[in-house]
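Coordinates in review
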Amino acid sequence: MSMKDALISQVALGLRLVRRMRARSGERAAIVGGGPLAETLRAVLEGAGVRVEALDMPTSEALARVTLVVDVTGVPDVRTALLEHAPRLARVAFAGAGAGRLADVDFYRTVHQRGLEVTGLSETTPAAADAVAAAEWVRAHA
Amino acid sequence: MELARIPPSVRPHLQDRLVRSVTSRAKSFARGGRMWAGTEVYWPQPGVADVGILEVAAPGPGEVLIQTDFTAVSPGTERAFLNFVSGVVAKFPLRPGYSGAGTVVQVGRGVTHVGPGARVACTETVPHASLAVVRAGRVFPIPTAASAADAAFLQLAIIAQYGLRRGRVGRGERVVVVGAGLIAQLAARIARAWGAKGVAVVASSSAKRSISLASGADQFVDLGRDPGALDRLRADVVVEVTGSPDALEAAARAAAPEGRIVLLGSTRGLNRGVDFDALLRDRELSLVGAHISTLTDDRPTPEDTTYREEAHEALGLLVGGRLRIDSLITDVVNPLDAAVFYRRLCRGDQDIVGALLDWGKLDDERRCRRSFALLPPRDMLRKGRAYDQDEGPPSLLTTPPRWLVEGLDALPSGGGVLRFGLIGCGGMGARHAAAIRSAPNTELVATMDADGNLARDLAAGAFHTSRLEELLARPDVDAVLIATPNHVHDVVGIQAARAGKHVVMEKPMAQNLVRAESLLAACRASDVALSVGYCFRYAPEVRAARRIVERGLLGRLLSVQLTCYFDKPPAYYGSGRTGRTHSDWRSSREKSGGGVMIMNMSHQLDQIRFILGQDVMRVTSAVAGTLDCPQGVEVEDAIAAQVEFPGGAVGSLFGTCFARGLGNQVEIRILGEAGSLILDPPARFFTLRGGEGVSAGRWYGFGPMPKVDVHATYLAWFAAAVLEGRRPEIAGEDGIAVQAWMDAIYEAADTGRSTLVSLPAEPQMAASAAER
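Fair warning: this is a prediction, and the values are worked out from it, not measured in the lab. (Residues numbered from 1 in each chain as written. Chains lettered and ligands numbered in written order. Predicted model: local features only at pLDDT ≥ 70, side-chain atom pairs only at ≥ 80, totals over all residues. Heavy atoms only, no water.)

Once that is clear, we can look at the overall build of chain B. Within chain B one finds 24 helices and 32 strands. For chain B, buried positions account for 57% of its 772 residues. Within chain B, counting contacts between residues at least 6 apart in sequence, those at least 24 apart form 71% of the total. Total accessible area on chain B stands at roughly 30,800 Å², and carbon and sulfur atoms take up 52% of it. (Helix = DSSP H or I, 4+ residues; strand = E, 2+ residues; numbered from the N terminus. Buried < 20%, exposed > 50% of the residue type's maximum accessible area, 1.4 Å probe, protein only. Contact = heavy atoms within 4.5 Å. Areas by Shrake-Rupley, 256 points an atom, 1.4 Å probe, with all protein chains shown as cover.)

Listed below in structure tokens is the structure:
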């Protein structure tokens, strides 16, 4: 995959993130993890008016005021921490490829009772229409 | 009282009552001292439901007091809590409840949107009780076109609707509901009402197929039959309502790419080793938690709704039948039957989908009454004891309610005297002579026995004769008491009837049904009263037992067990019990009609009829004869019968007259769906039904029973009935019924076949005069 193709698919993922997570201008988001994907997603979110902060480890204090959380690490401990500490009614995106299974998940206490919305997003070759939209986004933000 | 003397199992129960009583009193003093009292269902411990008195203070500012018509049961959640399954956090005693519908009784300060008399649905803090104090923000007027029964489900409808809201179900989207319980059914129906397309209900069996298709789902999927169906569903929104950790993967399989899975069921237990990539990420699914606690009066984001909006929308769906709940209602329960209902629920009865407690079934006193802040209701202070299924009857039985013991020794109070002639002056004759003399309204004016000496013995100066015609010719004899051997009962009785004498017949009525019927016909033709001497109906325990059954404390009858041990003296077949004369009729089947059953057990058969108010429908039986009495005894000495009642109950009736070393003992045990009644000492009963002055889950003793001379009491009530022109309580028809049972049992023993009891359709058991 060329650098450009990689960028297009990351931007396409970002656009799907905005759409699927219904990102709103002015809301606060946290991105857990670094790297090119994190940077791209940050740019796409900021382009949609979202105020983004970067986190290494999601603690409950750090997540207290965000409504949108994006994990790009895929690390089981991070995902577990996100489920544990994301605030009530937060939307959580698992955008990074998973690096293993989570040991025990109490869906009652984490997702059900706190009203989390957890969405999986995968960096794959985007559909044609998405790729076109992503290319346009890249042009506009070049 | 020393704390140490209170059994540990009772302590939380008492503490709970005390705390609640003190708190509500303190509140009510602050609000002018007025309180209200009603009835509530509560769970003293896991697995047990009881009915108790509820006291609430008048509504405070922003509160509304509601008298409920119905409260809705959420079978899944209540079952999980009552069974205290792992994952449930609860502290017993527990007061379950979700929502209800009823009428506003009183509103607190600042409440303007409803007033007294308004029909409302109420949610959130509504217990299963006849009264509820609810904050005004959770009280919603019911639209005129909606029924209170449907509106009582409001909270459950909101829960289902909120699940769809969280899943952002849109018009034309495909919705799959995993699970087929109440919330699942509501979700399917609301999804349809919202315009979802191709709503499917997915379940692990076909049990709820028809209820699902009734007015909700377009498709029903039984995973047991078609496990591959999940992958074909490709739903935009999957609503997971089972709460089973394992169901999550199934829910994900049913979703189309980019689909939303709503976690609406409360997951009980952990999911082990979750691979989120396979579960969500590969197909970019969303997993959305939907718990009612996140629906509030605030609007966290512009796309969210408020509780109030959801409530109004749900109530609006009830109008015009867009959401039909009535076809989901499987049980409308009298709250006094809560213990029985919740045991069904506990056991996992899958027939229960939508259940309502119907508080309108209670009388006004139990449902809603004013109470005073100073004193708790007296019945609240009654000594309580929580029910532990593993314990047998406690050694200390709770004191019985007053209705059980009141007036058990009542005698008639009317004037007049009925003058008796006694026919047959053997062993029983002697007892009857004494009874006629001791009853307040009967007089012994003549005696007769073929053995003139026996007649003279009992006459004690009155007229006596060895000739029946002489006695029957006497104008001062109003009625005769016939205590002859069985085989002449009908002959003598018919003669007496023709002579215009009222007839009291020693039991059995005759040696068989055919002869008994001819006696009844003769008495009817001569228009004289006829009674058969089943006098043990006047035994206080028997009358008390009937009261328990009549008040429904045993619920639906399931089984009856009768065991009779009699130990007869060797002289019994030769000269009767007293040995005053030679007689051998008892050993002849033709003369006596039979052995221990017709001679002795017939009393108990009548008692069972009397207590249950039912006659046996079909019987099988076997008999055994005397082993150590070779001189030609033709009748049975032991008999075992299995009987069926028309209501579906079964009985086992056993008797023997050779119970060596056991003396005379009778056991009658009557077991129903809701309780047990044991008539051998100490007589006691247990009920899962509250009300009627008893609490569910306790053993009650009968207490000290009055001493009653059953023979004299029986004669007194007979005499009163005749003098007042009424049918006697124990009429000829009762004698016929017992005879019909016995004929069938003997026939079944003779033929070895299951035999129907041939009962005349007509006789109804007479209302008991002594009970009035």
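This is not the end of the story, as more comes after the structure.
As a further point, take helix α24 (residues 732–751) of chain B. Residue and element names in this part refer to chain B. The end-to-end C-alpha separation of α24 is 28 Å, in line with the 28 Å expected for 20 residues at 1.5 Å each. Most of α24 is tucked away: 15 of the 20 residues are buried. After α24 finishes, the residue G752 shows a positive phi value of roughly 70 degrees. (Expected span 1.5 Å × (residues − 1).)

Moving on to the nonpolar core. All names here are of chain B. Among the nonpolar cores identified, the biggest contains 116 residues, and L653 and F702 are the most heavily contacted of them. With 10 residues, the single largest contributor to this core is helix α22 (residues 596–612). Excluding its chain neighbours within four sequence positions, the residues that come into contact with F702 are P400, L404, V405, E541, A544, A545, I548, L677, L679, A683, R684 and F685. Counting 62 residues, the second largest nonpolar core, distinct from the first, contains F70, V175, V239 and L328. (Core = buried A, V, L, I, M, F, W, Y, C linked by side-chain atoms within 4.5 Å.)

Before going further, it helps to spend a moment on the packing of helix α4 (residues 154–166) of chain B against helix α10 (residues 307–318) of chain B. Residue and element names in this part refer to chain B. Put simply, α4 and α10 touch, their axes get as near as 9 Å, and they point 110 degrees apart. What the angle tells us is that α4 and α10 run roughly perpendicular. Counting all contacts with α4, which are made through L154, Q155, A157, I158, Q161, Y162 and R165, the residues of α10 involved are Y307, E310, A311, E313, A314, L315 and L317. Looking at the contact of α4 with α10 residue by residue, the classes come out as nine nonpolar, two polar and three charged. (Axes fitted to C-alpha atoms, helices over the stretch in contact; angles between N-to-C directions. Parallel < 35°, antiparallel > 145°, perpendicular 65-115°, else oblique. Nonpolar A, V, L, I, M, F, W, Y, C, P; charged D, E, K, R; others polar.)

Now for the environment of K707 of chain B. Structurally, K707 of chain B can be placed in the loop between β31 (698–701) and α23 (710–723). K707 of chain B gets classed as exposed once you look at its relative accessible area, which sits at 82%.

Attention now goes to the interface of chain A and chain B. The interface of chain A with chain B comprises 36 residues on the first partner and 37 residues on the second. The contact between chain A and chain B buries some 3,100 Å² in all, and 49% of this surface belongs to carbon and sulfur atoms. Its largest share of buried area at the contact with chain B, chain A owes to R20, F107 and H112 of chain A, together 22% of the area lost on that side. If you look at where chain A meets chain B, you find six salt bridges. Measuring nitrogen to oxygen at the nearest pair gives 3.6 Å for the salt bridge that ties E117 of chain A to R168 of chain B. At the surface where chain A touches chain B, the tally comes to 26 residue pairs in polar contact (both at pLDDT 80 or more). The set of elements that each furnish at least two residues to the side of chain A that touches chain B consists of α1 (3–20), α4 (76–85), β5 (102–105), α5 (108–114) and β6 (117–120) of chain A. Here the residues of the side of chain A that touches chain B are counted per class, giving 15 nonpolar, eight polar and 13 charged. Note that β6 of chain A and strand β14 (residues 286–289) of chain B share three bridges and pair antiparallel. Directly across from E117 of chain A, in β14 of chain B, lies its bridge partner V288 of chain B. (Buried area = accessible area lost by both parts, 1.4 Å probe. Salt bridge = Lys/Arg side-chain N within 4 Å of Asp/Glu carboxyl O. Polar contact = N/O pair within 3.5 Å; in protein donor to acceptor, adjacent residues only side chain to side chain. Pairing = 2+ DSSP bridges.)

What follows concerns the pairing of strand β2 (residues 48–57) of chain B. Residue and element names in this part refer to chain B. Within β2, 10 of the 10 residues are buried, leaving the element largely enclosed by the surrounding structure. One ladder, built from nine bridges, connects strand β1 (residues 34–45) with β2; its direction is antiparallel. Its bridge partner lying in β2, M35 is registered against A57. The hairpin formed by β1 and β2 contains two residues between the paired strands, and G47 there has a positive phi angle of roughly 85 degrees.

Further remarks concern the pattern of salt bridges. All names here are of chain B. Throughout the structure, instances matching the rule amount to 57 salt bridges over all chains. When the shortest N-O distance is used, the salt bridge between D615 and R609 registers 2.7 Å. D615 sits in the buried class, given a relative accessible area of 19%. The exposure class of R609 is buried, given its relative accessible area of 3%. One salt-bridge network, in which partners are shared between bridges, spans R537, D606, R609, D615 and D734.

Let us now look at the sheet that holds strand β10 (residues 219–222) of chain B. With mixed pairing, 11 strands are arranged side by side in an open sheet as β2(A)-β1(A)-β3(A)-β4(A)-β6(A)-β14(B)-β12(B)-β11(B)-β8(B)-β9(B)-β10(B). At either end of the open sheet lies a strand with only one pairing partner, and these are β2 (51–55) of chain A together with β10 of chain B. The average angle at which neighbouring strand axes cross in this sheet is 20 degrees, direction not considered. Where α1 of chain A meets the sheet, its contacts fall on β3 (68–71), β4 (91–94) and β6 of chain A together with β12 (255–263) and β14 of chain B, and the angle it forms with β12 of chain B comes to roughly 40 degrees.

Moving on, we get to the packing of aromatic side chains. One pair of aromatic rings is described through two measures. These are the centre distance and the angle between the planes. In total, this model carries 12 aromatic pairs over all chains according to the counting rule given. Here the aromatic rings of F420 of chain B and F718 of chain B are separated by 6.3 Å at their centres, their planes lie at 45 degrees, and the arrangement is tilted. Residue F420 of chain B is located in strand β18 (residues 418–423), and its partner F718 of chain B is located in helix α23; the two are separated by 298 residues in the primary sequence. Like F420 of chain B, the residue F718 of chain B is buried in the burial classification. Site record: aromatic cluster; members linked through ring pairs are F94 and F107 of chain A together with F276 of chain B. Between R79 of chain A and the ring centre of F94 of chain A, over which it is positioned, the NZ or CZ distance is 4.8 Å. Here R474 of chain B stacks its cationic end above the ring of F463 of chain B, 4.2 Å away from the centre of that ring. (Phe/Tyr/Trp six-rings, centres within 6.5 Å; stacked < 30°, edge-to-face > 60°. Lys NZ or Arg CZ within 6 Å of the ring centre and 35° of its normal.)

The subject of this paragraph is the sheet that holds strand β20 (residues 463–465) of chain B. The pairing of strands in a sheet happens through backbone hydrogen bonds and is either parallel or antiparallel. All names here are of chain B. Taken in spatial order, the six strands of this open sheet run β20-β19-β18-β21-β22-β23, and their pairing is parallel. The sheet terminates laterally at β20 and β23 (530–532), the two strands that pair on one side only. Averaged over all neighbouring strand pairs, the angle between strand axes comes to 25 degrees, with direction disregarded. In the sheet, strand β22 (residues 502–505) pairs with β23 via three bridges, with the strands oriented parallel. By the bridge assignment for β23, V503 is matched with L530.

Residues and elements named next belong to chain B. Two elements in contact, α4 and helix α5 (residues 182–193), have axes separated by 8 Å at closest approach and are oriented at 60 degrees. Comparing their axes, α5 and α4 come out oblique. Seen from above, α4 lies across α5 with right-handed handedness. Every residue of α5 that contacts α4 at L156, A157, I159, A160, Q161 and L164 is listed here: L182, I183, L186, A187, I190 and A191. Broken down by class, the residue content of the contact of α4 with α5 amounts to 11 nonpolar, one polar and no charged. (Left-handed = near helix turned anticlockwise from the far one by under 90°.)

Residues and elements named next belong to chain B. Along the polypeptide, A187 turns up in helix α5. On the accessibility criterion, A187 (0% relative accessible area) is buried. Residues in contact with A187, not counting those within four places in the same chain, are A160, L164 and V177.

Attention now moves to the pairing of β10 of chain B. Of the strand pairs in this sheet, strand β9 (residues 197–203) of chain B and β10 of chain B are connected by four bridges, and their pairing is parallel. The residue bridging V202 of chain B from the neighbouring strand is V221 of chain B, located in β10 of chain B.

This part covers the confidence of the model for chain B. Residue and element names in this part refer to chain B. Chain-level pLDDT for chain B is 88 on average; 91% of the residues reach the 70-or-more range. Counted against residues more than four places away or in other chains, residues 378–395, with its pLDDT under 50, gives 36 contacts. For residues 763–772, every residue scores under 50 in pLDDT, and the model assigns this stretch 25 contacts once sequence neighbours within four places are set aside. Taken over the whole predicted complex, pTM reads 0.66, whereas the ipTM for its chain interfaces reads 0.96. (pLDDT = per-residue confidence, 0-100.)

Glancing now at the side chain of S122 of chain A. Mapped onto the elements of the fold, S122 of chain A is located in the loop between β6 and α6 (128–140). S122 of chain A gets classed as buried once you look at its relative accessible area, which sits at 9%. Beyond its immediate chain neighbours, meaning those up to four positions away, S122 of chain A contacts L13 and R16 of chain A together with R281 and E284 of chain B.

We now examine helix α19 (residues 540–550) of chain B. Residues and elements named next belong to chain B. Taking burial as the measure, the 11 residues of α19 include eight buried ones, the bulk of the element. When α19 is considered as a whole, its buried residues turn out to be P540, V542, R543, A544, A545, R546, R547 and I548. Close packing links the buried residues of α19 with α13 (402–405), α22, β29 (675–678) and β30 (684–687). Just beyond α19, the residue with positive phi is G552, at close to 75 degrees.

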